[in-house]
Amino acid sequence: MLAEEKEMIDIKTVRKDFPILSREVYGKPLVYFDNAASSQKPSKVIDAISHYYEYEHSNIHRGVHHLSAEATEKHEESRKTIQGFINAKYSHEIIFTKGTTDSINLVAYSFGNKFINGGDEVIVSSLEHHSNIVPWQMMCEARGAKLKVIPINDAGELLLDEYRNLLSIKTKIVAIGHVSNALGTINPVKEIIAEAKKKSIPVLLDGAQAIPHLAVDVQELDCDFYAFSAHKIFGPTGVGILYGKENLLNTIPPYQGGGDMIETVTFEQTTYNELPHKFEAGTPNMAGVIGLKAAIDYVNEVGINNIDIAEHQLLEYATEQISVIKGIRLIGTAKEKASVLSFLVNDIHPYDIGTILDRMGIAVRTGHHCAEPLMNRLSIPGTVRASFAFYNTKEEVDVFINALKKAISMLS
Ligand code: PMP
């Protein structure tokens, strides 16, 4: 059944949708395994953005003229597409931001100012990206609150009993990655949310690494906030999403002041606009928002479940192939993983492997992957990380494995 479903993605056609995949690097065909950092863009996204600038651009919301009305309509259509994609109840629960980092900063600031006081606690986990640590740390420092951290086992899985013990009346919010960018662990977020709900504690999910790989249904998850970036899901850079439950978004104060987020302004007092505009101060990234819609439409055409299955098969294949190489140490061996193969080889520095692979046309990422506390927990300086998208192939994995073997023999 899996094999049949895999064929539901016509890999040759799909690869043609991404112009960059046919380029060469150092005279070798590009093998792009750095999708967790940023994924590539299909022509439909690139064309939607060009078309917008060529024929449709005008500032939204405030204009009486045709172009402005049309651009506004497109902007709001994009919001509805995203609402559908993550199954939010209302389109005004979709806030356009600059990206995951911006979305999390928004919640840390606004939620923190409203609800977090001295002695309160915020729970994150050992797996988090810096984007889901530092904003909370800054907020805790400002409000006199404490950051609590869910520990992990050596496979890179959260210890749920420890999590349960951390939850208390002092906990004001739980902020957890849906999928780890450094190890690929898929966290049991439904269980994490259900535990928090028993104590009426809101949960934010950092969905940066989940959204391109897994079907996300925010109502089914019952999360309070969900953050992601367009550029990880085949969309443009500089735009992202914060989903928030209507009642919470209505309760917390605006993050930034400026045009569009107001209802009326006098020097004495300003009243704020309704959702979603209350959180969208200033001229937004309109081309980005339109590009994101094109990306989501594209993903819907391919099918997120087909993507999930194809990538899962690729990860399994790559894991099998790499595991038999002598000296390989896989970093992150959780039972539930998505699209990330992190590893070390003997005592070779990850950077050296990355540099040699690059010369063979293979793009991987090396280093701490913006997860320094996780690297400290695992007592490693960093890893080599190959991260896959559905447009990657088994043949590319073979090229990577052969190149890796060569790199190891050169460096040993
Ligand atoms: N969280 C995770 C898990 C990520 O992987 C990333 C990007 N590497 C971010 C947050 C930050 O995303 P952005 O830089 O697009 O804001």
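About the thresholds
Residues numbered from 1 in each chain as written. Predicted model: local features only at pLDDT ≥ 70, side-chain atom pairs only at ≥ 80, totals over all residues. Heavy atoms only, no water. Helix = DSSP H or I, 4+ residues; strand = E, 2+ residues; numbered from the N terminus. Buried < 20%, exposed > 50% of the residue type's maximum accessible area, 1.4 Å probe, protein only. Pairing = 2+ DSSP bridges. Right-handed = clockwise from strand over helix to strand, strands pointing away. Contact = heavy atoms within 4.5 Å. Domains from an automatic or database assignment. Buried area = accessible area lost by both parts, 1.4 Å probe. Core = buried A, V, L, I, M, F, W, Y, C linked by side-chain atoms within 4.5 Å. Axes fitted to C-alpha atoms, helices over the stretch in contact; angles between N-to-C directions.

## Examining the environment of A310
Okay, so step 1: Within the fold, A310 resides in helix α12 (residues 304–323).
Okay, so step 2: Between the C-alpha atoms of A310 and K335, which are 25 residues apart in sequence, the distance is 17 Å.

## Things to note about the environment of Q321
Okay, so step 1: Tracing the chain through its elements places Q321 in helix α12.
Okay, so step 2: Taking C-alpha positions, Q321 is 23 Å from H369, a pair spaced 48 residues apart along the chain.

## Side note on the pairing of strand β8 (residues 203–206)
Okay, so step 1: Going residue by residue along β8, you find V203 and L205 tucked away on one face and L204 and D206 tucked away on the opposite face as well.
Okay, so step 2: With four bridges joining them, strand β7 (residues 171–177) and β8 adopt parallel strand pairing. Residue pairing for β8: V174 is matched across the bridge by V203.
Okay, so step 3: What joins β7 to β8 is helix α8 (residues 189–198), and the crossover it makes is right-handed.

## Describing the environment of K232
Okay, so step 1: Within the secondary structure, K232 sits in the loop between β9 (225–229) and β10 (240–244).
Okay, so step 2: Assessed through its relative accessible area of 14%, K232 is described here as buried.
Okay, so step 3: Separated by 157 residues in sequence, K232 and A389 have C-alpha atoms that sit 9.9 Å apart.
Okay, so step 4: Once residues within four sequence positions are removed from consideration, K232 is found in contact with A36, A37, S39, A208, Q209 and P212.

## Some points on the domain arrangement of the chain
Okay, so step 1: As far as domains go, the chain holds domain 1 (2–42 + 304–411) and domain 2 (46–300).
Okay, so step 2: If you average the C-alpha positions of domain 1 and of domain 2, the two centres end up 28 Å apart.
Okay, so step 3: Taken together, the two surfaces of domain 1 and domain 2 that pack against each other cover about 3,000 Å², and 57% of this comes from carbon and sulfur.
Okay, so step 4: The largest contributions to the domain 1 side of the interface with domain 2 come from I304, L374 and R377, which together make up 20% of the buried area.

## Details of the nonpolar core
Okay, so step 1: With 70 residues, the main nonpolar core has I86, V174, Y226 and F390 as its most contacted residues.
Okay, so step 2: Sorting elements by how many residues they give to this core places helix α11 (residues 286–302) first, with six residues.
Okay, so step 3: When residues of this core are sorted by domain, at least three fall in each of domain 1 (2–42 + 304–411) and domain 2 (46–300).
Okay, so step 4: Sequence-distant contacts of F390, that is, excluding residues within four places in its chain, are made with I9, I11, V14, F18, F234, Y298, V302, I307 and E311.
Okay, so step 5: Among the nonpolar cores identified, the runner-up in size contains 29 residues, and L314, L315, V345 and I353 belong to it.

## What to know about unusual backbone geometry
Okay, so step 1: Residue P276 is bonded to the preceding L275 through a cis peptide linkage, with omega at 0 degrees.
Okay, so step 2: A positive phi angle, near 45 degrees, is found at N346, a position not held by glycine.
Okay, so step 3: In this fold, N346 is placed in the loop between β14 (340–345) and α13 (350–359).
Okay, so step 4: The backbone of S379 shows a phi angle near 55 degrees, a positive value even though the residue is not glycine.

## Some words on the sheet that holds strand β6 (residues 146–150)
Okay, so step 1: As summarised here, the arrangement of the seven strands in space is β4-β10-β9-β8-β7-β5-β6, forming an open sheet in which the pairing is mixed. Edge positions in the open sheet fall to β4 (94–97) and β6, since each of these has one partner strand only. Looking at each pair of strands side by side, their axes are set apart by 20 degrees on average, direction ignored.
Okay, so step 2: Relative to β9, β8 runs parallel, the two sharing three bridges. Bridging from a neighbouring strand, L204 pairs with F225 of β9.
Okay, so step 3: Together, β4, β7, β8, β9 and β10 form the strand contacts of helix α5 (residues 100–115), whose direction differs from that of β9 by roughly 155 degrees.

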